[in-house]
Structure formats: structure tokens, C-alpha cells
Amino acid sequence: MADGKTTAAADPVETILQLFRDRGTSEYGGESVTQEEHALQAAACAMADGAHEALVAAALLHDIGHLLHDLPEDAPDEGIDDHHENSGARFIESIFGPEVCEPVRLHVAAKRYLTAVEPEYRAKLSEPSITSLMLQGGPMSAEEQEAFRSNPHWEAAVRLRRYDEEAKVPGARTPTVEEFSELLGQLVKRA
Ligand code: FE
């Protein structure tokens, strides 16, 4: 049963792949792609951008928090913020290091940051993304921007956010989630 309290089992990469198999076909928040398509497109964008492996993994996993709850797909339209950036980061922090987990945790903050500092970015946001932005606190104030930039992972989070916006193309060709299992396995923390 997938819920916010689910923890990684003995083979954490297999646990993640299984989540995509079980839950990845759900609609991605009012967009015309599924959660799995969105994740794969974000990871493919990261690869095309020459991102290091941890950021590719972060792109693949950035919305894993959406796969951990049973809220309806139109929850933002009902005024519900699922805080998926926090639940997702918590879910993977026992598996991966901060180079993977922190951009995941910060990818909503990165949207709030970019909408404050880049009018062109805000103009590109889809309708569902604007709806969720308002639930997530809207564009950052100047103080919030400064605090955000003091986080050592802020730039990675901003890069991830740009992949996130690109990853909403119906029918785009990508690798499969299985094809990322080796990359994920190499990033698993060794005790
Ligand atoms: Fe996303």
C-alpha cells in the first residue's frame, strides 16, 4: 500500500520502480501526460542538458511524492496542496544523498523563486501549474529569495524546475523507467 509512511524496502531501487508501475499511469495534475511520462521526460531533459547523474535522478524522482498518496488528481482545483515535495524527499532520503533529495525537496520553492525573478518563466507556466503555485505560496518575496539562494542546492533545484516545465509533452519519446535502474543503483547510499 503506497502512502506517505511507506519506507524503502530491502531493494530500494526496485521499490521505486514498482511505485511507477503501480501508480505511474495516473494523470499528472491536469496535464496531458501521466506521472510516469512526466518523470521520464524530466529525466530525459536533464540528460540532454548534460546534468550530472544525481540531478538526472532528482528529475526522475521529483514528483514521487504524488505517487505516495491517494488524493484525487484534481486536488489543487479543490484548494488542496499535497506537499509532495516534502513527502517525496522524505521517502527517498534514506536511499540517496542530498544531491538527489534536496533538489526534489526544493523544486516547488524553485518555482516560487523563478516566478518572482523571471517574468518570462511565469508566462510559460501551464494553467494547473499556476493554480498550484498560488496554493504553494505564490511568487517569493525578496527575503524568501535571499533565504532560498543561501541553500547550497538552490541552483540544482532551479535547473530541475526548468526540466519539470519542459516535461509535459504528450507522446514524447523517452527511455523507460527500467532503463534508469542502473543509474539509480549507483547513487544508492552505502551504509
Ligand atoms: Fe513536476
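Now for a look at the structure at hand.

Conventions and cut-offs
- Residues numbered from 1 in each chain as written.
- Predicted model: local features only at pLDDT ≥ 70, side-chain atom pairs only at ≥ 80, totals over all residues.
- Heavy atoms only, no water.
- Helix = DSSP H or I, 4+ residues; strand = E, 2+ residues; numbered from the N terminus.
- Buried < 20%, exposed > 50% of the residue type's maximum accessible area, 1.4 Å probe, protein only.
- Contact = heavy atoms within 4.5 Å.
- Salt bridge = Lys/Arg side-chain N within 4 Å of Asp/Glu carboxyl O.
- Phe/Tyr/Trp six-rings, centres within 6.5 Å; stacked < 30°, edge-to-face > 60°.

### Details of the side chain of E165
Okay, step 1: Relative to the helices and strands, E165 is located in helix α9 (residues 154–166).
Okay, step 2: Overall, E165 belongs to the buried group, its relative accessible area being 16%.
Okay, step 3: In this view, E165 contacts K111, Y121, L125 and S129; residues no more than four positions away in its chain are not counted.

### Observations concerning the pattern of salt bridges
Okay, step 1: In total, this model carries 10 salt bridges according to the counting rule given.
Okay, step 2: Several salt bridges converge on common partners, so that one network encompasses R161, D164, E165 and K168.

### Section: the packing of aromatic side chains
Okay, step 1: Under the criterion given, the structure shown has three aromatic pairs.
Okay, step 2: Ring plane angle 35° and centroid distance 5.0 Å describe the contact between Y113 and F148, whose orientation is recorded as tilted. Taken together, the residues Y113 in helix α5 (residues 98–117) and F148 in helix α8 (residues 142–149) connect sequence positions 35 residues apart. As far as the burial class goes, Y113 and F148 line up, both buried.
Okay, step 3: Their ring planes at 70° and their centres at 5.6 Å tell us that Y113 and W154 sit as a pair that is edge-to-face. Highlighted residues: Y113 in helix α5 and W154 in helix α9, separated in sequence by 41 residues.
Okay, step 4: For W154, a relative accessible area of 19% translates into the label buried.
Okay, step 5: Members of the aromatic cluster, connected to one another through ring pairs, are Y113, F148 and W154.

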